[in-house]
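Each chain is listed here by its residues.
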There are 2 protein chains.
Amino acid sequence: MTTRADYVTRPREAIATVLRREPRFLSAAQIYARLKRSGAGVSLSTVYRTLDRLRAKGEVTERADADGEATFMLCEPAHHHHHAICGECGRVEDVDCTAVEQFAESLRAAHGFELDGHALEFFGRCGACR
Amino acid sequence: MTTRADYVTRPREAIATVLRREPRFLSAAQIYARLKRSGAGVSLSTVYRTLDRLRAKGEVTERADADGEATFMLCEPAHHHHHAICGECGRVEDVDCTAVEQFAESLRAAHGFELDGHALEFFGRCGACR
DNA sequence: ATATTTGCAAATAATTTGCACGTAA
DNA sequence: TTACGTGCAAATTATTTGCAAATAT
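Scope of this entry: the structure provided in the associated data block. Here, residues in each chain are numbered from 1, in the same order as that chain's written sequence. The order in which chains are written sets their letters, starting at A; the order in which ligands are written sets their numbers, starting at 1. In view of the model being predicted, local features appear only for residues whose pLDDT reaches at least 70, and side-chain atom pairs are presented and counted only at 80 or more, with totals across whole chains, interfaces and linings using the full set of residues. Calculation of side-chain values draws on the structure's entire complement of heavy atoms; hydrogens and water are dropped beforehand.

**Thoughts on the sheet that holds strand β3 (residues 70-74) of chain B**
Residue and element names in this part refer to chain B. Heads up, the condition is: A strand pair is defined by DSSP finding two or more bridges across the two strands. The secondary structure listing takes helices from DSSP runs of H or I that are at least 4 residues long and strands from runs of E that are at least 2 residues long, numbered from the N terminus.
If you trace the 3 strands from one edge of the open sheet to the other, you get β1-β3-β2, paired in antiparallel fashion. Every other strand in the sheet has two partners, leaving β1 (26-27) and β2 (60-64) as the edge strands with one partner each. In the sheet, β2 pairs with β3 via 5 bridges, with the strands oriented antiparallel. Along β3, the bridge assignment pairs Ala64 with Ala70.

Listed below in structure tokens is the structure:
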């Protein structure tokens, strides 16, 4: 066979729980800290390997934070959208934006630029933090 | 006095020359490689320290590439704009976009989101590479 | 039974720092 | 002369990997 298997393990469930509980971008170290606090015996390397796998499966989105540290959030990029990230609480809201898609297309005319994709992030304070 | 001085040195000029010659995002290692090739005796730490200073002065823009590695380009964010990055040659075109600013503002109504800023990047192939 | 996952400790890779010496002003 | 910059080597930090033991199927 050429297919990969996929076991359901305690460490993986623990990691998924952390990600589900906090819908915002977390670094491997932050996830590891939460696991340790809650008594789950999961190593940092397992955190890395699991995040890698989740990213490959498209279940998690990766993003480099301001310091270049990799952060992850449970979020399928299945239907394309963008993020509004609260600088105060870190909360992330999805922004579905046809407008940007259209704007992106105009690039082709203005710059002769053949588009593959684009990334858009908004920074500020969410409704709850204002 | 509380002000900082700023000396014009051979290493700094060499680094500036590299950045001027290549208007695209380069990593510290790439810049260092070019300096070595051209015989300029400049250390990697100086490359890092100089890029840091240039960023602080707002003369250089920093960006984490796909692997999270820090890359730098001569580009003043004075008047806000965005980048169209060619995946083939790495060329970067500035995209001045009032449209996005307006769209960003609509976020406030739609999500109750108080905006600090935003970042937008386009990926694809530039006119020359098509 | 056996393919897959795990923890640990050691290996990498990027970036930063301490410090004695060099250089612009 | 003196504040500022540099190179070097060592320190830090994030991330990856090898491998023997543990676990899911």
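**As for the protein's contact with DNA strand C**
Rules: One heavy atom within 4 Å of a molecule or strand makes the whole residue count as near it. Under this definition, polar contacts are N or O atom pairs within 3.5 Å; protein pairs additionally need one hydrogen-donor-capable and one acceptor-capable atom, and for neighbouring residues in sequence, both atoms have to be side-chain atoms. In this classification, Asp, Glu, Lys and Arg are treated as charged, Ala, Val, Leu, Ile, Met, Phe, Trp, Tyr, Cys and Pro as nonpolar, and every other residue, Gly included, as polar.
Close to DNA strand C lie 20 residues; Arg12, Gly41, Thr46 and Arg49 of chain A together with Tyr48 of chain B are nearest. Those atoms of DNA strand C that come within 4 Å of the protein belong to sugar or phosphate at a rate of 69%. Between Arg53 of chain A and DNA strand C, the recorded distance is 3.0 Å, taken from a side-chain N or O atom to a phosphate oxygen. The side chain of Arg49 of chain B places a nitrogen or oxygen atom 3.5 Å from a base oxygen of DNA strand C. Split by residue class, the surface near DNA strand C holds 9 nonpolar, 6 polar and 5 charged.

**Overview of the nonpolar core**
Just so we agree on the cut-off: What we call a nonpolar core is a set of buried Ala, Val, Leu, Ile, Met, Phe, Trp, Tyr and Cys residues that are connected through their side-chain atoms within 4.5 Å. When accessible area is computed with a 1.4 Å probe and restricted to protein chains, residues below 20% of their type maximum are described as buried, those above 50% as exposed, and intermediate ones as partly exposed.
Core analysis: the largest hydrophobic core is formed by 26 residues, its most contacted members being Val95 and Phe122 of chain A together with Val95 and Phe122 of chain B. Taken together, the elements giving at least two residues each to this core come down to β4 (82-86), α4 (98-111) and β6 (114-125) of chain A together with β4 (82-86), α4 (98-111) and β6 (114-125) of chain B.

**With respect to the packing of aromatic side chains**
What counts here: Between rings of Phe, Tyr and Trp, where Trp is taken as its six-membered ring, a pair exists when centres lie within 6.5 Å; planes separated by under 30 degrees are stacked, by over 60 edge-to-face, and by other angles tilted. We count a charge as sitting over a ring when the NZ of a lysine or the CZ of an arginine lies within 6 Å of the ring centre and within 35 degrees of the ring normal.
Throughout the structure, instances matching the rule amount to 0 aromatic pairs over all chains. The ring of Phe25 of chain A carries the charged tip of Arg63 of chain A above its face, separated from the ring centre by 5.6 Å.

**Some points on the interface of chain A and chain B**
Stated precisely, the cut-off is as follows: Whether two residues touch is decided by their heavy atoms; if any such pair falls within 4.5 Å, the residues are in contact. The term buried area refers to how much accessible surface (probe radius 1.4 Å) is lost by two components on association, counted for both of them together. Any Lys or Arg side-chain nitrogen found within 4 Å of a carboxyl oxygen on Asp or Glu counts as a salt bridge.
At the interface, 33 residues of chain A touch 33 residues of chain B. Carbon and sulfur atoms supply 64% of the area that chain A and chain B bury against each other, a total of about 2700 Å² over both sides. Considering only the surface of chain A that becomes buried against chain B, Phe103, Phe113 and Phe122 of chain A emerge as the three largest contributors, covering 23% of it. Summed over the shared surface of chain A and chain B, the result is 0 salt bridges. At the level of secondary structure, the elements contributing two or more residues to the side of chain A that touches chain B comprise β4, β5 (92-95), α4 and β6 of chain A. In terms of residue count, β6 of chain A provides more of the side of chain A that touches chain B than any other element does, 12 residues in total. The residue makeup of the side of chain A that touches chain B, split by class, is 18 nonpolar, 7 polar and 8 charged. Relative to β6 of chain B, β6 of chain A runs antiparallel, the two sharing 11 bridges. If you follow Leu115 of chain A over to β6 of chain B, its bridge partner there is Gly124 of chain B.

**Quick word on the protein's contact with DNA strand D**
Surrounding DNA strand D, one finds 20 residues, the nearest of these being Tyr48 of chain A together with Thr9, Arg12, Gly41 and Thr46 of chain B. Counted by atom, the contact set of DNA strand D within 4 Å of the protein is 71% sugar and phosphate. Thr9 of chain B places a polar side-chain atom, nitrogen or oxygen, 2.8 Å from a phosphate oxygen of DNA strand D. Split into classes, the residues belonging to the surface near DNA strand D amount to 9 nonpolar, 6 polar and 5 charged.

**Here we look at the sheet that holds strand β1 (residues 26-27) of chain A**
Residues and elements named next belong to chain A. One open sheet holds the 3 strands; their spatial order is β1-β3-β2, and the pairing between them is antiparallel. Of all strands in the sheet, those bounded by a partner on one side alone are β1 and β2 (60-64). Relative to strand β3 (residues 70-74), β1 runs antiparallel, the two being bridged by 2 bridges. Within β3, the position partnered with Leu26 by the bridge is Phe72.

**Let's talk about a negative patch on the surface**
Convention followed: Here, patches come from residues exposed beyond 30% relative accessible area and free of salt bridges, joined within 9 Å for like charges and within 5 Å for nonpolar side chains (Val, Leu, Ile, Met, Phe, Trp, Tyr). Accessible surface is estimated by sampling points in the Shrake-Rupley manner with a 1.4 Å probe; for residues, cover comes only from the protein chains shown. Here the positive residues are Lys and Arg and the negative ones are Asp and Glu; neither His nor the chain ends is included. Note that the charge is assigned to NZ on lysines, CZ on arginines, CG on aspartates and CD on glutamates.
Residues Asp94, Asp96, Glu101 and Glu105 of chain B make up a contiguous surface patch of negative charge. When its relative accessible area of 61% is taken as the criterion, Asp96 of chain B is described as exposed.

**With respect to the relation of the copies chain A and chain B**
Rule in force here: Superposing the copies works by least squares over the C-alpha atoms of residues that have pLDDT at least 70 in both of them.
Its rotation angle being 180°, the transformation that places chain A on chain B also includes 0.0 Å of axial translation and leaves an RMSD of 0.1 Å. Both chain copies can therefore be described as sitting about a two-fold axis. Of every C-alpha in chain A, the one belonging to Leu120 of chain A sits nearest the axis of rotation, 2.2 Å from it. Same-surface contact between copies: 100% of interface residues of chain A are shared with the interface of chain B.

**Here's the deal with helix α1 (residues 10-21) of chain B**
All names here are of chain B. The condition that has to hold: Each helix should span, by expectation, one fewer than its residue count multiplied by 1.5 Å.
The end-to-end C-alpha separation of α1 is 16 Å, in line with the 16 Å expected for 12 residues at 1.5 Å each. All of the buried residues along α1 are Pro11, Ala14, Ile15, Ala16, Val18 and Leu19. With a side-chain oxygen positioned 3.3 Å from the backbone nitrogen of Arg12, the residue opening α1 is Thr9.

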